[in-house]
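Topology and contacts: notes
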Amino acid sequence: MKMKKYIAPSINEAMKQVRADLGEEAVIISSKVVVQKKFFGLIRKKNFEVLAGIDEMEPPKFIIPEQKNFPPIVPAKDELHNEGNVSELMEEIASLKEILHSMKQESIQSSLPDELKPFVDFLKRQELNNELITDICDELFAHLKAEKEITNQEMVQISKNVLRKKFSILPTGGLSYEKRYVCVLGPTGVGKTTTIAKMAARSVLEKKKKIGFITTDTYRIAAIEQLKTYANLLQAPVEVVYNLNDYQTAIEKFAHLDLVFIDTAGRNYKEVKYVNDLKKLISFDDEVESYLVLSLTAKERDNETIIEQFSEFPIEKFIFTKVDETNSIGAMYNLMFKYNKGLAYYTTGQEVPEDIEEATLEKILDIFFQGEFK
């Protein structure tokens with residue numbers, strides 16, 4: 001591979017040099033900001049250094065003979081259209097686009113005035129994604145350019161305005177009470193059963209609803225006993241279902257109730273089999289309101305995998321648990337933004353029914369900036 005280093009005053013100028021010199025097939029290997037000192041170190045000039053490369057090996061050429069008496073030689077179908085190669089190529093193109101996009105965002109953030117850097121560092125510690133940070137940076141820089149100074153309170157307010165525009169189109173709020181069945185989905189360990197108990201308790205205490213529970217979690221005896229304990233406190237019936245017939249029988253038994261909470265089995269939903277089993281057991285019709293529970297202490301990529309596995313289910317909104325157990329909650333906003341899903345509740349502890357908050361746009365904006373920049 002032929003590699004070459006380019007230095008330019010902007011990332012766009014560096015990319016122009018790469019294209020002009022190496023062509024459109026060039027691959028960006030690395031990029032960084034470099035500072036050059038002039039005049040005894042009194043003047044500092046910021047440039048962008050890009051290392052690019054290109055494979056010098058020429059692609060194979062297929063020659064068609066000129067003789068009229070012989071059929072033309074053409075490459076085999078798998079040479080012309082190998083699905084694996086096409087897929088790999090598309091992944092490389094997507095990866096390159098992501099790198100270029102990330103480089104652009106990093107260049108914007110790295111060129112920020114010193115006054116803004118502590119606040120931007122705070123956004124990064126909260127693990128807010130680069131796209132949202134860059135949008136906030138644009139507005140902060142515009143304000144500073146116009147006003148010449150900026151306070152922490154102004155930075156928070158400007159950031160809230162940016163996020164408010166992004167998230168105002170997403171629904172927030174808890175149970176609608178317009179559907180009879182509430183199905184709570186999610187992997188093991190996220191606190192699904194406790195979350196259901198909190199939602200159910202509020203339905204009884206605040207809305208005076210007659211409720212019942214159905215659990216499909218037959219894999220963990222402790223989970224069944226936990227749900228029965230909550231049900232006894234709320235004087236609500238419980239049905240444990242093992243198959244489709246059990247489920248339909250439970251639905252018939254609870255026909256007189258206002259609201260039925262369905263606790264699904266906590267399994268490793270990275271495995272497609274468990275997702276398919278759930279589809280066969282529960283009828284996700286117009287009478288069912290479904291929520292996906294995710295833990296903020298889990299890795300963001302793992303939560304993305306769970307969301308994608310449940311993409312075929314009619315998920316109304318997310319519920320995020322264990323907000324009190326993490327110092328960075330940016331993943332909550334990243335996942336809502338990426339998957340265009342609203343937020344029903346977020347939980348802040350184990351107490352039932354106290355440690356649950358019904359989400360509003362203003363609440364989720366406030367909790368992001370609590371503490372250091374409140």
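Please read these numbers as outputs of a predicted model, since none were measured by experiment.

Whether parallel or antiparallel, the strands of a sheet pair through hydrogen bonds between backbone atoms. Spatially, eight strands are ordered β6-β5-β7-β4-β8-β9-β10-β11 in an open sheet, and the strand pairing comes out mixed. Edge strands, defined here as strands with exactly one partner in the open sheet, are β6 (238-240) and β11 (356-358). Here the strands of the sheet are splayed against their neighbours by 25 degrees on average, with no regard to which way each runs. Pairing of strand β9 (residues 315-321) with strand β10 (residues 342-347), which is carried by four bridges, proceeds in the parallel orientation. Counterpart to F318 in the pairing with β10 is L343. Running at roughly 160 degrees to strand β8 (residues 288-295), helix α11 (residues 300-309) makes contact with β8 and β9 of the sheet.

This part is about the pairing of strand β7 (residues 259-263). Looking down a regular strand, the side chains alternate between one sheet face and the other. Judged by how many residues are buried, β7 sits mostly within the fold: five of five residues are covered. Neither face of β7 is exposed, since L259, F261 and D263 on one face and V260 and I262 on the opposite face are all buried. Where strand β4 (residues 181-185) lies against β7, four bridges are found, and the strand directions are parallel. Of the residues in β7, the one forming a bridge with V184 is D263. Here strand β5 (residues 211-215) pairs with β7 via five bridges, running parallel. Note that in β7 the partner of F213 across the bridge is F261.

Bringing the nonpolar core into the picture now. F119, L292, F318, F320, Y333, M336 and L343 are the most contacted members of the largest nonpolar core, which totals 64 residues. Excluding anything up to four places from it in sequence, L292 contacts L185, G186, I306, I307, F310, I315, K317, F318 and I319. Judged by nonpolar contacts, the second largest core, of 23 residues, contains M199, F213, I319 and A344.

Inspection of every chain in the model, using the stated rule, returns eleven aromatic pairs. Consider the rings of F122 and F369, whose centres lie 6.1 Å apart with planes at 35 degrees: the pair is tilted. In this pair, F122 is assigned in helix α4 (residues 117-125) and F369 in the segment after α13 (361-368), connecting sequence segments 247 residues apart. The exposure classification of F122 matches that of F369, with both residues buried. Here the aromatic rings of F368 and F369 are separated by 4.9 Å at their centres, their planes lie at 75 degrees, and the arrangement is edge-to-face. Look at F368 and you get buried, because its relative accessible area is 0%. Members of the aromatic cluster, connected to one another through ring pairs, are F119, F122, F167, Y333, F337, F368 and F369.

Rules behind the numbers
- Residues numbered from 1 in each chain as written.
- Predicted model: local features only at pLDDT ≥ 70, side-chain atom pairs only at ≥ 80, totals over all residues.
- Heavy atoms only, no water.
- Pairing = 2+ DSSP bridges.
- Helix = DSSP H or I, 4+ residues; strand = E, 2+ residues; numbered from the N terminus.
- Axes fitted to C-alpha atoms, helices over the stretch in contact; angles between N-to-C directions.
- Contact = heavy atoms within 4.5 Å.
- Buried < 20%, exposed > 50% of the residue type's maximum accessible area, 1.4 Å probe, protein only.
- Core = buried A, V, L, I, M, F, W, Y, C linked by side-chain atoms within 4.5 Å.
- Phe/Tyr/Trp six-rings, centres within 6.5 Å; stacked < 30°, edge-to-face > 60°.

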